[in-house]
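So the chains spell out like this:
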Amino acid sequence: MNTKDIPSGAELLQSHIFNKGTAFTPEERQKFKIDALLPPCVNTIEEQAERFMSLFHEKPTNIEKYAFITSLLELNLTLYTRVLVDNLEEMMPIVYTPTVGDACMQYSHIYRKPQGIFLNANQKGRFVELLAQWETKDVRVIVVTDGERILGLGDLGAQGMGIPVGKLSLYAACAGINLQNCLPITIDVGTNNTEFLNDPRYIGLKQPRIRGEAYDALLEEFVTAVETVFPDVLLQFEDFANINAFPLLNRYRDRLCSFNDDIQGTACVSLAGLQAAMRMKNESITDQTILFLGAGSAGTGIGELIVSAMAAEGLPKEEGYTRCWFVDSKGLIVKSRDNLADHKLPFASEHEYLPDFKSALHSLKPTMIVGVSGQPGVFDQEVLAAMAEYNERPVIFALSNPTSKAECTAHDAYTWTEGRAIFASGSPFDPVTIGDRTFLPGQGNNAYVFPGIGLGVIAVKASRVPEEMFLVAAKALAEQTSNEDFAVGRLYPSWQQIREISLNIAVAVAELAYEKDLARVPRPDDLKAFVQSQMFTPEYEDYA
Ligand code: NAD
C-alpha cells in the first residue's frame, strides 16, 4: 500500500478503507495526526472483534444485528471482514438471507449511508462519469441488481441495494476477496411496487419501471461504462426478473467477464449436489431422469448445466434435454404448449400434455425430483413414497427458499422414503433422526460456489466466464464431499472449510482459464499458491 494515499486527521477515522480505530499504533497516531482523536488504549484486531461481538450479541433482533454489522462495514472494512470470517456461520444469515431480505424491505426507513453506487434512469448519458465517482479505481468485482426480483420478495426497486452489498460480503468472507476491490451497484429504473411508490420515504425513483428498448439501452450504457471505467472487472448480475435476466446473460456473457448467479451459480451448486449423489449411489449422471417443479431462472439454469454435464460424459445434448423434464404453473412443458418462454423451449418434450406435477411424476417415474417453484409442501407423502417405490435411492432436492417455501422438509423426505432419500435443500434444515440413523441434510447454498469462481476469475484476470467454468467448479465442489459427509447423508462439505473449498474451486476455474486461453496474467509455476496469495487475510497493515 502506498502510504501517500492515506488521509490524515479526522478524515482517516472516517475512511472505512484505512481506518483501524483503536488499533492505530502510537507511531501511526502521531504520523497521521489522530492522537488526540482516540483514547489512549491500543487494541489488537482480535480485541476489537471480541468487543464488537459482545455488543452484537446484545442486539435483541436480527435486523438490529444487521444494522450494527453494517455500521461496522461503514466504519472499518478490515475489522468488518475479520468479524465475518471468524463468525461466518453466525453472520451468514444476518448479512445475507434471510435477514438481508428484511433489511431490503425496510431499506428506505433504515437508510443512513450508501454502501455502493446508485445509478438511475434519469442519469442516462452520464454513467462513465458516475462510475468514476467510486472511492477506489481498482475494482475487481461488481455485483449489480435492478431490484426487480429480490430473493423471493419481488420488486423492491432501489431498496434492493442490500443484495449486492451482502453478496460481496460473502465473496470476502468465503473466498478472501478484498472488499476494497468490490463495488455494489443498484440500477434504479423505477419500481412497480405500489406500496413503495406511495411511501414518502422511499429512496428510489417514484415512477413505473422502464421496459423494452429504453431498458435495454440503459443497460447497454451501463455495461459499456463498466468496460470503460473498470476494464478488468468481473460483473455479476443479481436478482433481475426473468424477463431481463436471461436476455442480459445471453447478450453479455460472450462480450465481457460476466455471469448471473441466480441462473448459473444455482445451477453449479445443484449440479455439484447431483454429482455428489451419483458418487453416493455409484451411478452415472447420464442414466438419470430428472423432473423439475418450477421452470424459472433457477430450474432451467440447473437443467441447462446438467445437460452440459451429461454432454461432457458423452451424452449428446439433444438426448440430455430429453432427460430433464419440467412442470411449471401450467403443467408439463411439452411441445404442444403455446407461448413457451425462450428459456423453456429446449426442454419442451414430445409427450402428451399432463396438467400437474403428480401426473408427470407417475408417468415419468424419475430418478430425481428438483423443487424450484417456491410452492411449499408439493413434495408430499404421495410424491415421496412414489419416489421411494420407483427408486432404491431417490434423489430429492427441495431448493425453494426460505425454509418455509421448501417443497418438502428434510424430515418428510427421509420419513416417507424410509430413510432412503438422498436429500438436499436450498435453506438449512435441522438434523433428522429416523430409527437409529441421524441425517445432516446438505444445503445447496450458492455461496459454496460463486465466491470461489470469482476468486479464480479475478486471480488470473480471466476475460470471460464460459459455461465450462461452472462445470469445473461443480466438479471441484462435489469432489470435496467426503465419505464422512456421505455417511450422514450430506451432499456438500462442511461450511467450516469454506475458504479451502473456495480456493480449490478457484484453482479449477483458473486452470480452465489457462486451458481456454482466457487468462490475462502469465501462468505461475504453482497455480494454487498463486491463487492463495491473492486471498485477503483481514489483518491491519503497518502504516508507520
Ligand atoms: P422463478 O420465479 O423464476 O420461477 C418459479 C417457477 O416456478 C416458474 O416456472 C413458475 O411457473 C413455477 N411455479 C410457480 N408455482 C407453481 C406451481 N404451483 N406448480 C408448478 N410450478 C409452479 O424463480 P426462480 O428464481 O427460478 O426461483 C425458484 C425457487 O428456487 C425460489 O424459491 C428460490 O428461492 C429457489 N432458489 C434456490 C437456490 C438455492 O437453493 N441455491 C438458488 C436460487 C433460487
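Up top is the structure these notes are about.
Below you will find a few notes about this structure.

1. Re the environment of Leu234
Secondary-structure assignment places Leu234 in strand E4 (residues 234–237). With a relative accessible area of 1%, Leu234 lands in the buried category. Between the alpha carbons of Leu234 and Lys344 there is a distance of 28 Å; along the sequence they are 110 residues apart. Look past the residues within four positions of Leu234 in its chain and what remains in contact with it is Arg140, Val141, Ile142, Tyr171, Cys257, Ser258, Phe259, Gly454, Val457, Ile458 and Val465.

2. Some words on the site of the ligand
In the vicinity of the ligand there are 22 residues, among which Arg149, Asn242, Ala295, Gly444 and Asn446 approach most closely. Ser297 is positioned such that a nitrogen or oxygen atom in its side chain is 2.9 Å from an oxygen atom of the ligand. Ser329 has a polar backbone atom sitting 3.2 Å from a nitrogen atom of the ligand. Bound to the protein, the ligand loses 77% of the 860 Å² it would expose on its own. Of all the secondary-structure elements, those providing two or more residues to the shell around the ligand are helix H15 (297–312) and strand E7 (324–328).

3. Observations regarding the sheet that holds strand E1 (residues 117–120)
Reading across the sheet, the 5 strands line up as E1-E3-E2-E4-E5 and stay open at both edges, with parallel pairing between neighbours. Edge positions in the sheet fall to E1 and strand E5 (258–260), since each of these pairs with one other strand and no more. Neighbouring strand axes in the sheet, compared pairwise and without regard to direction, differ in orientation by 25° on average. Pairing geometry for strand E2 (residues 141–145) and E4, over 4 bridges, is parallel. Opposite Ile142, over in E4, you have Leu235 as the bridge partner. Against the sheet, helix H12 (residues 212–229) contacts E1, E2, strand E3 (182–188) and E4, and its axis sits at roughly 160° relative to E3.

4. Re helix H13 (residues 242–252)
Inspection of H13 places Asn244, Ala245, Phe246, Leu248, Leu249 and Tyr252 among the buried residues, and these make up the whole buried set. Looking at the packing, one finds that the buried side of H13 touches H12, E4, E5, helix H14 (261–281) and H15.

5. Regarding the environment of Ser425
Residue placement: Ser425 occurs in strand E11 (residues 422–425). Given a relative accessible area of 1%, Ser425 falls into the buried group. Separated by 17 residues in the primary sequence, Ser425 and Cys408 have C-alpha atoms spaced 8.8 Å apart. Not counting residues up to four positions away in its chain, the partners in contact with Ser425 are Ala398, Leu399, Gly442, Gln443 and Gly444. A polar contact is formed between the side chain of Ser425 and the backbone oxygen of Ser427, at a distance of 2.7 Å.

6. A few points about the pattern of salt bridges
Counted by the stated rule, this structure contains 32 salt bridges. Its salt-bridge partner being Arg112, residue Glu74 comes within 3.1 Å of it at the nearest N-O pair. Of this pair, Glu74 sits in helix H4 (residues 62–75) while Arg112 sits in the loop between helix H8 (107–110) and E1, placing them 38 residues apart in sequence. Residue class for Glu74 comes out buried when judged on its relative accessible area of 14%. Judged by its relative accessible area of 52%, Arg112 is exposed. The partner of Arg490 in a salt bridge is Asp485, with the nearest N and O atoms 2.6 Å apart. One network of salt bridges, with partners in common, ties together Asp146, Glu148, Asp155, Arg209 and Arg211.

7. So, unusual backbone geometry
A cis amide bond, omega 10°, links Thr97 with the succeeding residue Pro98. Structurally, the position occupied by Pro98 is in the loop between helix H6 (88–95) and helix H7 (99–105). Along the chain, Asn401 connects to Pro402 via a cis peptide bond; the corresponding omega equals -10°. Turning to its location among the elements, Pro402 is positioned in the loop between strand E10 (395–398) and helix H19 (410–415). The residue Leu151 is not glycine, and still its phi comes out positive at about 45°. Relative to the elements of secondary structure, Leu151 occurs in the loop between E2 and helix H10 (162–175). In this structure, Asp517 is a non-glycine residue whose phi angle is positive, near 60°. Within the secondary structure layout, Asp517 lies in the loop between helix H23 (498–515) and helix H24 (527–533).

8. Here we look at the packing of aromatic side chains
Enumeration over the complete set of coordinates arrives at 20 aromatic pairs. Residues Phe18 and Tyr543 carry aromatic rings whose centres are separated by 6.4 Å and whose planes lie at 75° to one another, so their mutual orientation is edge-to-face. Linking Phe18 in the loop between helix H1 (10–14) and helix H2 (26–31) with Tyr543 in the segment after H24, this pair joins segments that are 525 residues apart in sequence. Residue Phe18 is classed as buried on the basis of its relative accessible area, which comes to 12%. Classification of Tyr543 by relative accessible area gives buried; the value is 4%. Aromatic side chains Phe326 and Phe347 sit 4.6 Å apart centroid to centroid with 55° between the ring planes, which places their arrangement in the tilted category. Placement of Phe326 in strand E7 and of Phe347 in the loop between strand E8 (331–332) and helix H17 (357–364) is noted, with a sequence separation of 21 residues between them.

9. A closer look at the packing of helix H3 (residues 45–58) against helix H5 (residues 77–86)
Two numbers describe how H3 lies on H5: the axes approach to 10 Å, and their chain directions differ by 70°. It follows from the interaxial angle that H3 and H5 lie roughly perpendicular. Crossing hand, H3 versus H5: right-handed. Contact with H3, carried on its side by Ile45, Glu46, Gln48, Ala49, Phe52 and Met53, involves Thr78, Leu79, Arg82 and Val83 of H5 and no other residues of that element.

10. Describing the sheet that holds E11
On the basis of which strands lie adjacent, the open sheet formed by 7 strands has the order E8-E7-E6-E9-E10-E11-E14 and mixed pairing. Each edge of the open sheet carries a strand with a single partner, namely E8 and strand E14 (442–443). Sheet topology places strand E9 (residues 368–371) next to E10; 4 bridges connect them, and they run parallel. Directly across from Ile369, in E10, lies its bridge partner Ile396. Set on the sheet, H14 makes contact with strand E6 (290–293), E9, E10 and E11; between it and E10 the angle comes to about 155°.

Rules used throughout
- Every chain's residues receive numbers from 1 upward, in the order its sequence appears when written.
- Owing to the predicted nature of the model, reporting of local features is limited to residues with pLDDT of at least 70; listing and counting of side-chain atom pairs is limited to 80 or more, with chain, interface and lining totals taken over all residues.
- To obtain the side-chain values, all non-hydrogen atoms of the structure were included, while hydrogens and water were left out.
- Numbered from the N terminus, helices here are DSSP runs of H or I no shorter than four residues, and strands are runs of E no shorter than two.
- Relative accessibility under 20% of the residue-type maximum defines a buried residue, over 50% an exposed one, and the middle range a partly exposed one, all with a 1.4 Å probe and only protein chains included.
- Note on definitions: a residue-residue contact is assigned when non-hydrogen atoms from the two residues lie within 4.5 Å.
- Here a residue counts as near a molecule or strand whenever at least one of its heavy atoms sits within 4 Å of it.
- Here a polar contact is recorded for every N or O atom pair within 3.5 Å, except that within protein the pair must consist of a potential hydrogen donor and a potential acceptor, and residues adjacent in sequence are included only if both atoms are side-chain atoms.
- Accessibility throughout is a Shrake-Rupley quantity obtained with a 1.4 Å probe, and a residue counts as covered only by protein chains that appear here.
- Two strands are said to pair when DSSP picks up at least two bridges between them.
- Whenever a helix is involved, its axis is fitted only over the stretch in contact; in every case the axis is a line through C-alpha atoms, and angles between N-to-C directions fall within 0 to 180 degrees.
- The working definition used for a salt bridge is a side-chain nitrogen of Lys or Arg within 4 Å of a carboxyl oxygen of Asp or Glu.
- Only rings of Phe, Tyr and Trp enter the pairing, Trp through its six-membered ring, and a pair is recorded when the two centres are within 6.5 Å. The plane angle decides the type: under 30 degrees is stacked, over 60 is edge-to-face, the rest tilted.
- When an angle is under 35 degrees it counts as roughly parallel; over 145 it counts as roughly antiparallel; between 65 and 115 it counts as roughly perpendicular; any other value is oblique.
- By definition, any crossing whose near helix is turned counterclockwise from its far helix by less than a right angle is left-handed, and any crossing with a clockwise turn is right-handed.

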